[in-house]
Amino acid sequence: MLGNLRTQVRNIIGNGLMLLNVYSKNAVGTLFETIAIPSHKKLEKQLAKMKDNGATEEELKAYRDEHYAERTKTITLFKKKSAELKSFVTESWESNIKLAKGQSGKNDNIIGDINDRRTIFKSEKPVLKQVAAGVEAWRKATNWAMENGDEFFLRINYKHALTSYILSNKWDVATMTEAQKLRAEQYALKEAQEATFRDESEIADWINKGRNKGWAAELAIGGLLPFTKTPINITKRSIEYGPTGIVNAIAQGVKASKGEATSADVVNALAKTFSGSVLAGLGFYLAAKGLLRSKGDEEDEEYNYLIGEQDYSLMIGDYRFSLEWAAPAAIPLLFGAAIYNACFDKDGGIKEEYMVDENGNLVLNTRAMAIHKVMNAASAMFAPIFEASY
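The notes below deal with the structure included here. (Residues numbered from 1 in each chain as written. Predicted model: local features only at pLDDT ≥ 70, side-chain atom pairs only at ≥ 80, totals over all residues. Heavy atoms only, no water.)

Let us look at the overall build of the protein chain. When its secondary structure is counted, the protein chain shows 16 helices and five strands. Looking at the protein chain as a whole, 42% of its 390 residues qualify as buried. Residue pairs at least 24 apart in sequence account for 69% of intrachain contacts in the protein chain once pairs closer than 6 positions are excluded. Total accessible area on the protein chain is roughly 22,500 Å²; 61% of this is exposed by carbon and sulfur atoms. (Helix = DSSP H or I, 4+ residues; strand = E, 2+ residues; numbered from the N terminus. Buried < 20%, exposed > 50% of the residue type's maximum accessible area, 1.4 Å probe, protein only. Contact = heavy atoms within 4.5 Å. Areas by Shrake-Rupley, 256 points an atom, 1.4 Å probe, with all protein chains shown as cover.)

Structure representation (structure tokens):
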């Protein structure tokens, strides 16, 4: 799979376009944090005012503990960055490369990791020896390209996140405490791994534990799911960046109420949802104009094939361009198109499964809608997330 040139190109394009999603999320998050998280300067002014009004040390401490939160985002393009800050960020990255990449990167199982280090294709026969050597060289070269391609984007995301964290809190690298450095670096690691789909996944860990229980499990599970963490994380990002991400935002809000997450975590989840929902809205609009196509109806699949229609594609002039290469960055766009296609027919009319009530709201027409149509509509709406993610 990794030896396929299409996989290599798709990995680079996917990581590159994901930067746009991350930067747009951070721009939205910067605005949200400005509203939701008071600056340290404002907090200190409020504490000074409370002290002048006779507040006790216990009351001041309680107020600080409740309202103090570190910001994580700022638009770094317009911020002045000192030579000391740039040097610190570079040194921090060099110290944390291995942590950012994880122990086994894309090949997230023990057997795959061992296979990367040994010669897989070899032969002692004169003719086959040269062929095997060429195939083995190609295997190692493609694995190297995948890992180093990811490292390039890891570095960009790590440095951007670390710089943003420090600048948003107006810290001086010369006077930062070790605790502040640690929090900033932990945030940068998390953001970099999420942006390149290398963050830890409990589901992937569970699958890998199952496949390591013997050769039969490895054969059965490994044959179906040769890679687990990356596809699962791509699906997670696809869900988080869009209207469906509101579930994650609510979950973060519940955690924050229990002290298990920070206000910045809630803002980050909301920023993902908002920025992805804007793309979904654009996808809905483009689909309405006939410029964007998501998953077509199953009953029209053969006809669409004959006339040259292509799922998950953008029409420019008389040409259609596949957006599968742009997954997962383009999935919110395709999700919006899928919502339009689930509600409206090819002529822009409301499908028979729906009707408009006396208030002008679009509602389900249960008389015209069989259960299989409900399932087909739901499947078509979520198809971009699960099909284009793999």
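The next thing to look at is a nonpolar patch on the surface. Where nonpolar side chains cluster on the molecular surface, the patch consists of Ile-246, Val-247, Ile-250, Val-254 and Leu-270 and spans about 420 Å² of accessible area. At four residues, the largest contribution of residues to the nonpolar patch is made by helix α12 (residues 246–257). (Patch = residues over 30% accessible without salt bridge, like charges linked within 9 Å, V, L, I, M, F, W, Y side chains within 5 Å. Salt bridge = Lys/Arg side-chain N within 4 Å of Asp/Glu carboxyl O.)

Orientation of α12 relative to helix α13 (residues 263–288), taken along the N-to-C sense of each, is 170 degrees, at an axis distance of 8 Å. Relative to α13, the element α12 lies roughly antiparallel. Only Asp-265, Val-266, Ala-269, Leu-270 and Thr-273 of α13 make contact with α12, whose side of the interface consists of Ile-246, Asn-248, Ala-249, Gln-252, Gly-253 and Ala-256. Residues of the contact of α12 with α13, tallied by class, amount to six nonpolar, four polar and one charged. (Axes fitted to C-alpha atoms, helices over the stretch in contact; angles between N-to-C directions. Parallel < 35°, antiparallel > 145°, perpendicular 65-115°, else oblique. Nonpolar A, V, L, I, M, F, W, Y, C, P; charged D, E, K, R; others polar.)

When the terminal C-alpha atoms of α13 are compared, their 37 Å separation across 26 residues agrees well with the 38 Å that a helix rising 1.5 Å per residue should span. Following α13 by one or two positions, Gly-290 adopts a phi angle in the positive range, close to 75 degrees. (Expected span 1.5 Å × (residues − 1).)

Okay, the environment of Tyr-23 next. Relative to the assigned elements, Tyr-23 resides in helix α1 (residues 5–36). Accessibility expressed as a relative area gives 35% for Tyr-23, which makes it partly exposed. Each C-alpha atom of the pair Tyr-23 and His-160 lies 9.4 Å from the other, and the pair is 137 residues apart in sequence.

Right, let's get into unusual backbone geometry. Its identity as a non-glycine residue notwithstanding, Lys-170 has a phi of 55 degrees, on the positive side. Locating Lys-170 in the fold gives a position in the loop between α7 (126–168) and α8 (178–195). With a relative accessible area of 69%, Lys-170 lands in the exposed category. Despite not being glycine, Phe-197 has its phi angle at roughly 65 degrees, a positive value. Locating Phe-197 in the fold gives a position in the loop between α8 and α9 (202–211).

Here we come to the packing of aromatic side chains. Going through the model one piece at a time under the given rule, you end up with six aromatic pairs. Centre to centre, the rings of Trp-93 and Tyr-158 are 5.5 Å apart; their planes meet at 50 degrees, and the pair counts as tilted. Of the two residues, Trp-93 is situated in helix α4 (residues 83–95) and Tyr-158 in helix α7; the sequence distance between them amounts to 65 residues. There is no split in this pair, since Trp-93 and Tyr-158 are both buried. (Phe/Tyr/Trp six-rings, centres within 6.5 Å; stacked < 30°, edge-to-face > 60°.)

Moving on to the nonpolar core. Of all hydrophobic cores here, the largest spans 20 residues; its most connected members are Phe-88, Tyr-158, Leu-162 and Ile-166. Of all the elements in the fold, those that place two or more residues in this core are α4, α7 and α8. Ranked by residue count, the leading element in this core is α7, at seven residues. Ile-166 has contacts with Leu-85, Phe-88, Trp-171, Val-173 and Met-176, leaving out every residue within four places of it along the chain. Judged by nonpolar contacts, the second largest core, of 13 residues, contains Leu-286, Leu-333, Cys-343 and Phe-344. (Core = buried A, V, L, I, M, F, W, Y, C linked by side-chain atoms within 4.5 Å.)

Here the focus is empty space enclosed by the protein. Summary: where empty space remains is shown by rolling a probe the size of a single water molecule over the atoms. Per the stated rule, a full pass over the model turns up two cavities of 30 Å³ or more. Roughly 50 Å³ of internal volume is contained in the largest cavity. Surrounding the largest cavity, Met-18, Val-22, Lys-25, Glu-191, Glu-194, Ala-195, Arg-237, Tyr-241 and Lys-272 form its lining. For the lining of the largest cavity, the class distribution of residues is four nonpolar, no polar and five charged. (1 Å grid on protein atoms, 1.4 Å probe; cavity = no way out; pocket = protein on both sides within 12 Å on 5 of 7 lines; lining within 4 Å. Points joined across faces, edges and corners; volume = space filled by probe spheres on them.)

This paragraph deals with the sheet that holds strand β3 (residues 319–322). Strand order in the open sheet made by the three strands is β1-β2-β3, with antiparallel pairing throughout. In this open sheet, the two edge strands, each paired with only one partner strand, are β1 (292–293) and β3. Here four bridges tie strand β2 (residues 313–316) to β3, and the two strands are oriented antiparallel to one another. Bridged to Met-315 within β3 is Arg-320. (Pairing = 2+ DSSP bridges.)

The subject of this paragraph is the packing of α13 against helix α15 (residues 331–343). Running from amino to carboxyl end, α13 crosses α15 at an angle of 50 degrees, the nearest separation of the two axes being 6 Å. The orientation of α13 with respect to α15, classified from their angle, is oblique. Pair α13 / α15 crosses with right-handed handedness. Residues Gly-276, Leu-279, Ala-280, Leu-282, Gly-283, Phe-284, Ala-287 and Ala-288 of α13 lie in contact with α15, whose contacting residues are Pro-332, Leu-333, Gly-336, Ala-337, Ile-339, Tyr-340 and Asn-341. Taken together, the residues that form the contact of α13 with α15 break down as 11 nonpolar, four polar and no charged. (Left-handed = near helix turned anticlockwise from the far one by under 90°.)

Here Asn-233 lies in helix α11 (residues 229–240). A relative accessible area of 0% means that Asn-233 is categorised as buried. Among the polar contacts made by the side chain of Asn-233, one reaches the main-chain carbonyl oxygen of Phe-197 at a distance of 3.2 Å. Filtering out sequence-adjacent residues up to four positions away, Asn-233 remains in contact with Phe-197, Arg-198, Asp-199, Glu-200 and Ser-201. (Polar contact = N/O pair within 3.5 Å; in protein donor to acceptor, adjacent residues only side chain to side chain.)

All we've got here are geometric facts, nothing functional implied.
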